[in-house]
Amino acid sequence: VQLQASGGGLVQAGGSLGLSCAASGRTFSSYGMGWFRQPPGKEREFVAAISRGGGSTYYADSVKGRFTISRDNAKNTVYLQMNSLKPEDTAVYYCAAAGSLAITTTQYAYWGQGTLVTVSS
């Protein structure tokens, strides 16, 4: 599966931004999907994950209550709605596909190219 993330940009602290990740192929619904991020100078970290059917989600503590992951299997797309953004949310955000709901980078076989989110203070 090929993944294309979009929607990044510059936003002020407290603002909102929505990311999208479009997947190619007809087997999108067979993948658990996740979002990760890599802040400048730091390692890639887990943000959120969603199960194949969308019924289960999981979030990193740092974004819980502020970010929402969702998916539309008919459109082969996974979303990340980010609210109440903080400067520490600044990072390159990546979408990824795994065999099931997963929260570690090693569990994901397919990765998008990343989209930059910058939150100004």
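Just above, that's the structure.
Residues numbered from 1 in each chain as written. Predicted model: local features only at pLDDT ≥ 70, side-chain atom pairs only at ≥ 80, totals over all residues. Heavy atoms only, no water.

Draft legend 1. A look at the sheet that holds strand S8 (residues 77-82). Ordered by their spatial adjacency, four strands build an open sheet running S1-S3-S8-S7, and the pairing between neighbours is antiparallel. Strands with a single pairing partner mark the edges of an open sheet, and in this sheet they are strand S1 (3-6) and strand S7 (67-72). The average angle at which neighbouring strand axes cross in this sheet is 15°, direction not considered. For S7 and S8, the ladder comprises six bridges, and the chain directions are antiparallel. Residue pairing in the sheet places isoleucine 69 in a bridge with leucine 80 of S8. (Pairing = 2+ DSSP bridges. Helix = DSSP H or I, 4+ residues; strand = E, 2+ residues; numbered from the N terminus. Axes fitted to C-alpha atoms, helices over the stretch in contact; angles between N-to-C directions.)

Draft legend 2. Structural detail: unusual backbone geometry. Despite not being glycine, asparagine 76 has its phi angle at roughly 55°, a positive value. Residue position: asparagine 76 is located in the loop between S7 and S8. The phi dihedral of serine 84 falls on the positive side, at around 50°, and the residue is not glycine. Structurally, serine 84 is set in the loop between S8 and strand S9 (91-98). Serine 84 sits in the partly exposed class, given a relative accessible area of 41%. (Buried < 20%, exposed > 50% of the residue type's maximum accessible area, 1.4 Å probe, protein only.)

Draft legend 3. Local environment of the packing of aromatic side chains. Applying the stated criterion to the full structure yields six aromatic pairs. Their ring planes at 80° and their centres at 5.1 Å tell us that phenylalanine 36 and tyrosine 108 sit as a pair that is edge-to-face. Of this pair, phenylalanine 36 sits in strand S4 (residues 32-38) while tyrosine 108 sits in strand S10 (residues 108-111); the two residues are 72 residues apart in sequence, bridging distant segments of the chain. Among the residues examined, phenylalanine 36 registers a relative accessible area of 0% and is labelled buried. Residue tyrosine 108 is classed as buried on the basis of its relative accessible area of 5%. Arranged with centres 6.0 Å apart and planes meeting at 35°, the rings of phenylalanine 46 and tyrosine 58 form a pair that is tilted. Of the two residues, phenylalanine 46 sits in strand S5 (residues 45-50) while tyrosine 58 sits in strand S6 (residues 57-59), which places them twelve residues apart along the sequence. Among the residues examined, phenylalanine 46 registers a relative accessible area of 14% and is labelled buried. Residue classification places tyrosine 58 among the partly exposed positions, given a relative accessible area of 43%. The ring of tyrosine 94 carries arginine 44 above its face, with NZ or CZ at 3.7 Å from the centroid. (Phe/Tyr/Trp six-rings, centres within 6.5 Å; stacked < 30°, edge-to-face > 60°. Lys NZ or Arg CZ within 6 Å of the ring centre and 35° of its normal.)

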